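Observations on the model geometry
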Amino acid sequence: MLVKLTSVAHVGLSSVPVDVEVDVAAQGFPGFTIVGLAGKAVEEARERVKTAITNSGMEFPGKKITVNLAPADLPKDGGAYDLPIAVGILVASGQIRSSDAVTNAVFYGELGLSGDVRPTKGVLLVGLFAKKHRIKEIFVPRDCAPEAMVVDGITVYAVTNLRDLVAHVMGSTPLSRLKRKREAEGEGDLVEFDLSDVAGQEQAKRAMLIAAAGGHNLLMSGPPGAGKTMLARALPGILPPLIRTEALEVTRIYSVAGLLPSGTSLMHTRPFRSPHHGISAAGIIGGGSNPLPGEVSLAHLGVLFLDEMAEFPRSVLESLRQPMEDGVVSIVRVGAHVSYPASFTLLAAVNPCPCGYLGHPKRPCTCSEKQVRKYRSRLSGPILDRIDLHVLVPAVETEKLSAGPGEKASSKTVREAVIKARAVQEKRFAAEGLYTNSQMRNKHVKKYCELDSETHRLLKLAVETYDLSARGYFRLIKIARTIADLAGNSLVTSTHMAEALQYRSSM
Amino acid sequence: MANIAPPIPRLRDLTNTPKQLYYRGTWDNTLFVKCAAVVGSRRMTQYGRMVVEKLVPQLVEEGYTIVSGFMYGVDQAAHRECLAAGGRTIAVLGWGINWKGLDSADKKLMADIEKTGLVLSEWEEQKPLLWTFPQRNRIVAAVSHDVFVVEAAAKSGALITAAIATKLKRPVWAVPGPVTSKTSEGTNRLIANGFARMWLPKRDGVKKEGSTDNPIIKLLESESMNASEIARKLGEPIDKVGAQLSLLVLSGDIIEREGSFYVS
């Protein structure tokens, strides 16, 4: 008898229906074949399914079994087809009678040998797929079910093991129907570090505020131990919370990558990714024959932190250019052409020189000027050009810290300022399809950043003194615009411009 | 392309006068009328840079030609500062005049020196080796009328120059540094042991002291600081302080280097 069930394959962030056709033949030698460009993990489903059925107290038919995964030319991998194959065999061998519950639903999940259903990546996408294709019911692993439950209009069955599923389909003990829960929207107050945890570094904190408010990329340079990493980790906490559509976007990426902690429904905190500098280009951009999202996509709508940026291979830094420009990364492989969103705030930290102590008030730098030049040249060029804000994070002399009152703004108050400034920008750019000052092109800068004559004079003087490039010129105006927005000023004044000059590139 | 230099009378003071000297640039005997050697550590600190910025323009103003060894650190800073102050400078190389191991930044500085000053070496093709630098130092000392040591650690090559200068009866000046700093150990010891006179900048303070109401400049007159420290000391918000610092730097009242500000 032939049975057809529906499952899902993921290509990037889009889902493709996969027909799982199971035939248990009346004649022929006993055997079990899976066809349809099945990867190694799918091939091995034979052993898992066979054992799981037996261990669930049912009979694995000693007949010729053929499973076809259609479309035939789409490569399929992973354990998610275990569940539809197992159910298909049970129906085709007559142990379960075929019903609408079986043919009009999506089955998705990996089986363990005991018949338990294991967590499987990509469940959120299954829910979204079901809604789009008007499929009412989906059967997914229990641990991942909360992911799918954020989608409304579908019924999610959380399956613990094969036996429960069979009991449900037979109608004896139905599984409980899970409906969408209204999750508390965008709280995301879980932050590792609060800004007030970092001693001193008022200027660096100010730069972080500007970066968060205007969506600017930020480069911090300073000796080891000055607090660069701690500051970096505090950045997600001052970014505005994710709104629901954003949270859904981020969760989709994490669901496909299989990085959602089990039991999570939506991610409410902005992602913070800090890859090690040993990372490959495929690791940062995304890769594999069925390409998985890389660090740039995992940092989508959050922060990509490159600690010791000068230690990253040049090829990796260069590969950041296109996603930084477009907010999307396209990965082309033999088997697939995939795009992942990758709109992130780049936060980079570097030492001022190889030994780290150049400009340190107490410790001598042991690098020669040549070494320093060589070190800095590794960073130079296109990637630095895309970083608006540069700030020095000097060594903190602890005895000097107690000297002044030193305001200690907490992340919460800083975040309120950020949210206010973002609202101003959103309003201003409503007609342009931009969100933040950092996204302004030159024509927008000319249109939205009016400068009075005094500010113009100051800017001209700065360009001559520091020998600024055209790009550097526009960068300064963009930062001054954000500073003005933070101050609630519609005009960019010379004070704002003067402060912006503090954050120009020194590399 | 290297020319052989005419004899320099002051080099005869040496017991081991170099057999010949090669030079690049335009030979001008007036260069040797009044020479000051400015030498020091390769590992120059922020403080050393500030000292060179004070010392060299003052010497240039007094009509000195600045002589140094073209090594990175204090030497090159002295050459650069001299050219920036409109002075003429002589670089005595610790390697052959035709040696091809220089990088582009070195080549550029050398070309700038040659325009008004000289590049000297007693070798044609010699590679830089451990023994070539002290050899070169005797020429630096002998050519100069005064020798200034800026930042030298306990075993710095600059101390060799100072020792030769003492032997040749050239006045040696050392710039004092913090007693806690390793790179000032050598210079401080020269002063302590009486081998060198202590150099202090001219007091142009009459003009500056009390002439400014700007609290930032007042603060920086005593000590160099970074922006966060200034904000903390003054109890002012960092955005306001940052804006003022930018304006002061642009107007030339203060200088910023690697994040720390000081009065020019």
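Basis of the calculations
- Residues numbered from 1 in each chain as written.
- Chains lettered and ligands numbered in written order.
- Predicted model: local features only at pLDDT ≥ 70, side-chain atom pairs only at ≥ 80, totals over all residues.
- Heavy atoms only, no water.
- Helix = DSSP H or I, 4+ residues; strand = E, 2+ residues; numbered from the N terminus.
- Buried < 20%, exposed > 50% of the residue type's maximum accessible area, 1.4 Å probe, protein only.
- Areas by Shrake-Rupley, 256 points an atom, 1.4 Å probe, with all protein chains shown as cover.
- Pairing = 2+ DSSP bridges.
- Contact = heavy atoms within 4.5 Å.
- Axes fitted to C-alpha atoms, helices over the stretch in contact; angles between N-to-C directions.
- Salt bridge = Lys/Arg side-chain N within 4 Å of Asp/Glu carboxyl O.
- Expected span 1.5 Å × (residues − 1).
- Polar contact = N/O pair within 3.5 Å; in protein donor to acceptor, adjacent residues only side chain to side chain.
- pLDDT = per-residue confidence, 0-100.
- Buried area = accessible area lost by both parts, 1.4 Å probe.
- Nonpolar A, V, L, I, M, F, W, Y, C, P; charged D, E, K, R; others polar.
- Core = buried A, V, L, I, M, F, W, Y, C linked by side-chain atoms within 4.5 Å.

With that out of the way, let us pick up the overall build of chain A. Regarding its fold elements, chain A presents 22 helices and 19 strands. Its C-alpha atoms put chain A at 90 × 45 × 45 Å along the principal axes. Counting across all 507 residues of chain A, residues that qualify as buried make up 53%. Of the roughly 21700 Å² of accessible surface on chain A, 52% is carried by carbon and sulfur atoms.

Our focus in this paragraph is the sheet that holds strand 4 (residues 65–68) of chain B. Residue and element names in this part refer to chain B. Strand order in this open sheet of 9 strands is 1-2-6-5-4-3-7-8-9, and the pairing throughout is mixed. Across the chains shown, the open sheet's two edge strands, defined by having one partner strand only, are strand 1 (3–4) and strand 9 (197–198). Two strands pair when backbone bridges link them, and strand 3 (residues 35–40) and strand 7 (residues 146–150) are joined in this way by 5 bridges, in the parallel orientation. Residue A36 lies in a different strand from strand 7, and its bridge partner there is D146. On the sheet, helix 2 (residues 74–84) packs against strand 3, strand 4, strand 5 (89–92) and strand 7 and is oriented at approximately 140° with respect to strand 3. Set on the sheet, helix 5 (residues 157–167) makes contact with strand 3, strand 7 and strand 8 (172–174); between it and strand 7 the angle comes to about 155°.

Our focus in this paragraph is the pattern of salt bridges. This structure, assessed with the given rule, holds 30 salt bridges over all chains. Put simply, E44 of chain A and K40 of chain A hold a salt bridge, and the shortest N to O gap is 3.7 Å. Its relative accessible area of 38% is what places E44 of chain A among the partly exposed residues. Of the residues examined, K40 of chain A reaches a relative accessible area of 62% and is grouped as exposed. In this structure, the salt-bridge partner of D112 of chain B is K108 of chain B, at a minimum N-O distance of 3.2 Å. Here D112 of chain B pairs with K108 of chain B, and both are found in helix 3 (residues 104–116), just 4 residues apart, close to one helical turn. The exposure class assigned to K108 of chain B is exposed, which follows from its relative accessible area of 54%. When salt bridges with common partners are traced through the structure, they connect R314, E318 and R321 of chain A into a single cluster.

We now examine helix 1 (residues 46–61) of chain B. Residues and elements named next belong to chain B. In this model, helix 1 (16 residues) spans 23 Å end to end at C-alpha, consistent with the 22 Å of a helix rising 1.5 Å per residue. Residues Q46, G48, V51, V52, E53, L55, V56, Q58, L59 and V60 constitute the buried set of helix 1. G63 sits one or two residues past helix 1 and shows a positive phi near 95°.

As a further point, take unusual backbone geometry. With omega at 5°, the peptide bond leading from A70 of chain A into P71 of chain A counts as cis. Inspection of the secondary structure assignment puts P71 of chain A in the loop between strand 4 (64–70) and helix 3 (82–92). Look at F70 of chain B: it is not a glycine, yet its phi comes out positive at around 60°. Looking at the element boundaries, F70 of chain B is found in the loop between strand 4 and helix 2. Exposure remark for F70 of chain B: the relative accessible area of 1% places this residue in the buried category.

All names here are of chain A. For R422, the position within the fold is in helix 18 (residues 411–428). At 2.8 Å, the side chain of R422 forms a polar contact with the backbone oxygen of A212. Residues in contact with R422, not counting those within four places in the same chain, are A212, A213, G215, L239, P240 and T436.

With 96% of its residues at a pLDDT of 70 or more, chain B shows a mean pLDDT of 90. Predicted as a complex, the structure gets a pTM of 0.80 and an ipTM equal to 0.78.

This part takes up the sheet that holds strand 19 (residues 389–392) of chain A. Residues and elements named next belong to chain A. In space, the 5 strands of this open sheet follow the order 12-15-18-11-19, with parallel pairing throughout. Edge positions in the open sheet fall to strand 12 (272–273) and strand 19, since each of these has one partner strand only. Here strand 11 (residues 218–221) pairs with strand 18 (residues 345–350) via 4 bridges, running parallel. Directly across from L219, in strand 18, lies its bridge partner A348. Each of strand 11 and strand 19 is contacted by helix 8 (residues 202–214), which is oriented at about 165° to strand 19, the strand it contacts most.

Moving on to the interface of chain B and chain A. The interface of chain B with chain A comprises 33 residues on the first partner and 36 residues on the second. Together, the buried faces of chain B and chain A total about 2800 Å²; carbon and sulfur atoms form 57% of this surface. When the buried surface of chain B facing chain A is broken down by residue, R232, L250 and E258 of chain B rank first, second and third, together holding 26% of it. Across the contact surface, chain B and chain A share 3 salt bridges. In this structure, the salt-bridge partner of D103 of chain B is R373 of chain A, at a minimum N-O distance of 2.7 Å. Linking chain B to chain A there are 7 residue pairs in polar contact (both at pLDDT 80 or more). Only helix 2, helix 3, helix 9 (227–234) and helix 10 (238–250) of chain B provide two or more residues apiece to the side of chain B that touches chain A. Looking at the side of chain B that touches chain A, the element that brings in the most residues is helix 10 of chain B, giving 9 residues. A class-by-class count of the residues in the side of chain B that touches chain A yields 11 nonpolar, 11 polar and 11 charged.

Further remarks concern helix 9 of chain B. All names here are of chain B. For helix 9, the buried fraction is high: 6 of the 8 residues fall into the buried class. Looking only at helix 9, the buried set comprises A227, S228, E229, I230, A231 and R232. The backbone nitrogen of S228 has a side-chain oxygen 3.2 Å away, supplied by the residue at the start of helix 9, namely N226. Of the residues one or two after helix 9, G235 is the one with positive phi, at around 65°.

In this section: the nonpolar core. I138, V296, L306, M309 and L320 of chain A are the most contacted members of the largest nonpolar core, which totals 65 residues. Ranked by residue count, the leading element in this core is helix 10 (residues 244–257) of chain A, at 7 residues. The next biggest cluster of nonpolar side chains, apart from the first, holds 53 residues, and it includes A232, L459 and M497 of chain A together with L250 of chain B.

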